[in-house]
Structure formats: structure tokens, C-alpha cells
Amino acid sequence: MATVPALEKPAVTVVEAPAARPRSGLRRHWHLYAAISPFYLLFLAFGLVPVGFSFYLSLHRWDGLGSMEWAGLSQYRYLLSDSDFWQSIGNTIVIWALATFPMIFLAMVTAVMLNSAVRFRKFYRFAYFLPNVTSVVAIAIVFGSVFSTNFGLVNALLQAVGLDQVAWLNTPWGIKVAIATLMTWQWTGYNAIIFLAGLQTVPGELYEAARIDGAGPVQTFFRVTLPMMRPVLLFVLVVSTVTGLQSFSEPQVLLQNTANESTFSGGPDHAGRTMVLYFFQQTFDNNDFGYGAAVAWGIFLVVVLFSIINWRLVQRRGEE
């Protein structure tokens, strides 16, 4: 009997479904981006857009009401030859130097004293930090009375030791010293707290090793404390440069009643007219918003330049 061959089943081809493409990072983590988006939206609306508009405005002449008139780079060319602007730069640098270096020295000394204090440490920290959170306008009004020519505390002390009175708010150098003193008093406590935080990160073993090697307090400070505090010192110096070169409220309030010209004149001979004060004078007194924007960009370049110089100086000393 013939055998019937078995029928072969046809091969079944299995078609695999295409693998799902992985979603992009933006689609996968959209809820995370949505959570942080308010910061960037606010920065765009109140930071980036105003900065871009200020540069656009610096290329035009505008009084704030009428139509803008294209000026190109002519306002920047005039800025380079503007003697009043250069005088404001000189005033600002002198006031910054008179305030910053004594302030850093006093802040460091205060921080070392606070670090070694045992009793009432929290009270001292609060007391030294208080001037920084006090209204600048209130501080300037008080210092205006302290440096008053006829009834000021400083002149009273000078007369007590047999010296003549000084017209602090009516002479160029007296104005600069008064503003610098105000700024030193305002920022010494804040920077002392920053230095104190840095001092508390220095390992105690380094001080013990220096003591064993016979180093005194002065040698220990310059050979151990100061090198370990270099990053903190750099931070304080850069922040002090940025804030000091943008001083406005201090001279504006302190000198508003010492001249008959403008609220932003900076006192007699414009000795207290800082860069930001000059910017406000051009913008809001003269209603020249275009040139005021050019002045603002000039201030920005000066602040960046001095910050870089300070950073390089501190870094170079660290490499030595």
C-alpha cells in the first residue's frame, strides 16, 4: 500500500512590531521643565528683554515721550569724550578705594575676634550684621547729621581735641570721605559674617601644626589663615567692587541738600557724583533716555573691567 506523504505546514512568518522610539528628553521630562519655567520666564521678561532694549535704546535719541530718533554709535562716541562722565568714574573709584580696603581690613579683624569669642557670640553676629539690613536712606540721613559742619558729631570730636572744624559735605575730599565712611560702616558687618564662615572651615590641625612649629599669632594669620581664606577674600573683593562701583543711594541722600543744582548733582563741584548718580541725572533730570542707556553700558564695562582686575590680582598672589 502506497504511503501518502505528510503535508508540510506552510511556514508562518512572524512580523515583529517596530520598536517604539524613545521619547525625547523634553517630552519625557516636560513636568520638570514646567516646574522651573517660571524663573526663566521672569528672567526673560525682567532681565534679558530690558537689557536688550537698553542697548537698542542707546542707539537712539529719545526723551521718553516722542518718537525715537536713530543715533547709531554717536552717543558712545560722545560718551568717550564726556568730561562729566570721566569725572564720575574718578569720583566712584576714589570713593570705592576709600571704602573697600578699610572695610575688608575691619571685616577680617572683626571676623577673627568673633571666631575667638566665647560669650555673646550670637549677639555680636547680629549686631554686626544689623547695618546691612538697615535702610540706606535712614543711614544716609544719620550720617548727614554726623558729618554736619556746625552740629556734627565728627566736628564736635575734632573741637574736643583742639582741631578746627571741617566742612565735610561742602569740600570735595570731605564729601568722598563721608560717603566712604558710610559705605564702610554699612558693609563691614556683612563681610565680617562672610569671613567668619570662611574661618570656621579652616582645619584646626593647621593651627596646631603652626603652634608646634613655633609660629606666633601674626605668622599663623599670614601663613595659615590668609592662604586658606583666599577664595572667600576673592568673593568679598569682587562683590565689594560690584556694589561699590554702583553706589547711588549713599551720595544721593547724603548730598541732596548741599547743592542748589540737581538732586543728582553730587554736591559742590560734583565731588560726590558717582557713575550711577550721573546716569540718573542724564536719564531723569535731562530726560535723555538714549544717552542714559549709553552711560549705563559704560558703567557695566567699568564694573566688569575692575572685577576682572581684582580677580586676576588675587589669583596671581595665590599662585606666588
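See the structure above.
Scoring rules and cut-offs
- Residues numbered from 1 in each chain as written.
- Predicted model: local features only at pLDDT ≥ 70, side-chain atom pairs only at ≥ 80, totals over all residues.
- Heavy atoms only, no water.
- Core = buried A, V, L, I, M, F, W, Y, C linked by side-chain atoms within 4.5 Å.
- Buried < 20%, exposed > 50% of the residue type's maximum accessible area, 1.4 Å probe, protein only.
- Helix = DSSP H or I, 4+ residues; strand = E, 2+ residues; numbered from the N terminus.
- Contact = heavy atoms within 4.5 Å.
- Salt bridge = Lys/Arg side-chain N within 4 Å of Asp/Glu carboxyl O.
- Arc of directions from axis to C-beta.
- Axes fitted to C-alpha atoms, helices over the stretch in contact; angles between N-to-C directions.
- Left-handed = near helix turned anticlockwise from the far one by under 90°.
- Parallel < 35°, antiparallel > 145°, perpendicular 65-115°, else oblique.
- Nonpolar A, V, L, I, M, F, W, Y, C, P; charged D, E, K, R; others polar.
- Phe/Tyr/Trp six-rings, centres within 6.5 Å; stacked < 30°, edge-to-face > 60°.

Visitor: Looking at this structure, how should I read the nonpolar core?
Guide: As a rule of thumb, nonpolar side chains are buried together in soluble globular proteins. Core analysis: the biggest nonpolar cluster contains 20 residues, and F143, F147, L169, I179, L182, L254 and L255 have the highest contact counts within it. Elements that contribute at least two residues to this core include exactly α4 (83-116), α6 (136-146), α7 (153-160), α8 (172-199) and α12 (249-254). Beyond its immediate stretch of four places on either side in the chain, I179 contacts I95, E250, P251, L254, L255 and G272. Within the second largest apolar cluster, 18 residues are counted, among which are F85, F248, L277 and Y278.

Visitor: Quick question: what am I supposed to make of the pattern of salt bridges here?
Guide: Note that side chains of opposite charge can pair when their charged atoms are close. Throughout the structure, instances matching the rule amount to 1 salt bridge. A salt bridge links D84 to R273; the nearest nitrogen and oxygen atoms lie 3.5 Å apart. Within this pair, whereas D84 is found in helix α4, its partner R273 is found in the loop between α12 and α13 (275-285), the two being separated by 189 residues in sequence. Residue classification places R273 among the buried positions, given a relative accessible area of 3%.

Visitor: Help me understand α7, please; the structure alone is not making it clear to me.
Guide: An α-helical turn contains 3.6 residues, so a residue and the one three or four places further along point in the same direction. Taken residue by residue, α7 has V154, N155 and L158 as its buried positions. Down the axis of α7, the smallest arc covering the buried residues is 95 degrees, so these residues share one side. Looking at α7, the residues exposed on the side facing more than 90 degrees away from the buried face are L153, L157 and A160. Backbone geometry just after α7 places G162 at a positive phi near 85 degrees.

Visitor: Explanation requested: the packing of α4 against helix α11 (residues 230-244) in the structure shown.
Guide: The geometry of a pair of packed helices is captured by two quantities: the angle between their axes and the separation between those axes. It is the contact of α4 with α11, at a shortest axis distance of 10 Å, that shows an interaxial angle of 150 degrees. The interaxial crossing formed by α4 with α11 has right-handed handedness. Note on element contacts: α11 touches α4 through L233, V236, L237, S240, T241 and G244, opposite T92, W96, T100, M103 and I104.

Visitor: Would you mind showing me how to read the packing of α6 against α8 here?
Guide: Their axes nearest at 11 Å, the elements α6 and α8 cross at an angle of 130 degrees. Viewed along their axes, α6 and α8 adopt a mutual orientation that is oblique. Note on packing geometry: the crossing formed by α6 with α8 is right-handed. Contact with α6, carried on its side by V136, I139, A140 and F143, involves T181, L182, W185 and Q186 of α8 and no other residues of that element. Its residues assigned to classes, the contact of α6 with α8 comprises 6 nonpolar, 2 polar and no charged.

Visitor: Mind showing me how you'd approach the packing of aromatic side chains here?
Guide: Tallying each qualifying case throughout the model produces 20 aromatic pairs. Taking the centre distance of 5.5 Å and the plane angle of 75 degrees together, the rings of F147 and W168 count as edge-to-face. Pair noted here: F147 is in the loop between α6 and α7 and W168 is in the loop between α7 and α8, with a separation of 21 residues, a long-range link. On the accessibility criterion, W168 (14% relative accessible area) is buried.

Visitor: I tried to follow α6 on my own but got confused; where do I start?
Guide: Of the positions making up α6, those classed as buried are I139, A140, F143 and G144. Seen along its axis, α6 keeps its buried residues to an arc of 140 degrees; they face one direction.

Visitor: Looking at this structure, I do not really get the side chain of T220. What am I missing?
Guide: The residue T220 is located in helix α10 (residues 217-228) in this model. Not counting chain neighbours up to four residues away, the residues in contact with T220 comprise Y207, A210, A215 and T225.

Visitor: I keep staring at unusual backbone geometry and nothing clicks. Help me out?
Guide: Most peptide bonds are trans, and most residues other than glycine sit at a negative phi. Positive phi is not limited to glycine here, since D269 has a value of about 60 degrees. Its place among the elements puts D269 in the loop between α12 and α13. Unusually for a residue other than glycine, H270 sits at a positive phi of about 55 degrees. Looking at where H270 falls in the secondary structure, it is placed in the loop between α12 and α13. With relative accessibility at 19%, the residue H270 sits in the buried group.

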